[in-house]
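Chain and residue survey
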Amino acid sequence: MVAKKVLSLVFVRDASRILLGLKKRGFGQGWWNGFGGKVEPGETIHEGALRELKEEAGVTGHELQEVGLLKFEFVGDPVLLEVHVFSTTKYTGQPSESEEMKPRWFDVDDLPFSQMWADDSLWFPLLLKGSKFSGYFLFKGHHEILKYTLDEVERL
Ligand code: 6U4
Ligand code: NA
Ligand code: NA
């Protein structure tokens, strides 16, 4: 059986902006990303999402909605990544820099796609319009998508 890693990815939004973090280390270093990480034993994916948001961005999320399910494979790597995408407009606290992330608000019309994972420009339009989506992406290295599927779905 192929190993699977379950991860969260959280986006906080307001009327015209979305909060991203510049990843300072590890997977996706140097790119703007949502907040998130590996779900730990004993916590639900939702709990993991809230924990990572707090750890990495310094804010407490409320009423997180699960909006996307993204699966990633990397050529030569047997591990399948299963990324659960959450979105909310409700949070308390002020975004603040952590060891892992430097948070910044971006206007939704001016997103830094050239400094984000290549799949993001494909599914962000669905996220931004409030749809639910499900996708699969096969990467070669960290920059090139060899094939993908992406669907807007009624439920995840
Ligand atoms: P450590 O440092 O081991 O605690 P952890 O914070 O648990 O790490 P990390 O940072 O490796 O996990 O999590 C990766 C993050 O990147 C998750 O939020 C999922 C997200 N991610 C992974 N592949 C992605 C991709 N292709 N596009 C994207 N986000 C991706 O937008
Ligand atoms: Na992380
Ligand atoms: Na983690």
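For the structure itself, consult the block above.
The following paragraphs examine the structure supplied in this document. Since we're looking at a predicted model, the values are computed, not measured.

Some points on the coordination of the sodium ion (ligand 2)
Note on metal sites: the ideal angle is 109.5 degrees for four tetrahedral donors, and 90 or 180 degrees for six octahedral donors. Only Gly 36 (O), Glu 56 (OE) and Glu 100 (OE) from the protein reach the sodium ion (ligand 2) as donors, at distances of 2.2 to 2.5 Å. Spacing between the donor residues of the sodium ion (ligand 2) along their common chain follows G-x19-E-x43-E.

Considering helix H1 (residues 45-57)
Under the 1.5 Å per step criterion, the end-to-end length of H1 is 18 Å for 13 residues, consistent within 8% with the ideal 18 Å. Every buried residue of H1 is listed here: Gly 48, Ala 49, Arg 51, Glu 52, Leu 53, Glu 56 and Ala 57. In this fold, the buried residues of H1 make contact with strand S1 (4-13), strand S4 (60-62), strand S6 (77-88) and strand S8 (101-107). Positive phi shows up at Gly 58, right after H1, with a value of about 75°.

What about the pairing of S1?
Each regular strand carries side chains that alternate between the two faces of the sheet. In terms of burial, S1 is a largely internal element, seven of the ten residues being buried. Bridge analysis of S1 against strand S2 (residues 17-23) gives two bridges, and the strand direction is antiparallel. From the neighbouring strand, Val 12 faces S2, where its bridge partner is Leu 19. Remark: three residues form the turn of the hairpin made by S1 and S2, two consecutive strands paired antiparallel.

What about the site of ligand 1?
Around ligand 1, the structure places 18 residues, and the nearest of them are Ser 8, Lys 38, Glu 100, Asp 119 and Asp 120. For ligand 1, an oxygen atom lies 3.5 Å from a polar atom in the side chain of Glu 56. In the environment of ligand 1, a nitrogen atom lies 2.8 Å from a nitrogen or oxygen atom belonging to the side chain of Asp 119. When each cavity is represented as a set of grid points, ligand 1 is found to reside in the largest pocket. At the level of elements, S1, H1 and helix H2 (120-128) are the ones that each hand at least two residues to the shell around ligand 1. Counting residues per element, the shell around ligand 1 draws most heavily on S1, which supplies three residues. Its residues assigned to classes, the shell around ligand 1 comprises six nonpolar, four polar and eight charged.

Conventions and cut-offs
- Residues numbered from 1 in each chain as written.
- Chains lettered and ligands numbered in written order.
- Predicted model: local features only at pLDDT ≥ 70, side-chain atom pairs only at ≥ 80, totals over all residues.
- Heavy atoms only, no water.
- Donors = N, O, S within 2.8 Å, 3.2 Å for Na, K, Ca; no water.
- Helix = DSSP H or I, 4+ residues; strand = E, 2+ residues; numbered from the N terminus.
- Expected span 1.5 Å × (residues − 1).
- Buried < 20%, exposed > 50% of the residue type's maximum accessible area, 1.4 Å probe, protein only.
- Contact = heavy atoms within 4.5 Å.
- Pairing = 2+ DSSP bridges.
- Near = heavy atom within 4 Å.
- Polar contact = N/O pair within 3.5 Å; in protein donor to acceptor, adjacent residues only side chain to side chain.
- 1 Å grid on protein atoms, 1.4 Å probe; cavity = no way out; pocket = protein on both sides within 12 Å on 5 of 7 lines; lining within 4 Å.
- Sits in = over half its atoms within 2 Å of the grid points.
- Nonpolar A, V, L, I, M, F, W, Y, C, P; charged D, E, K, R; others polar.

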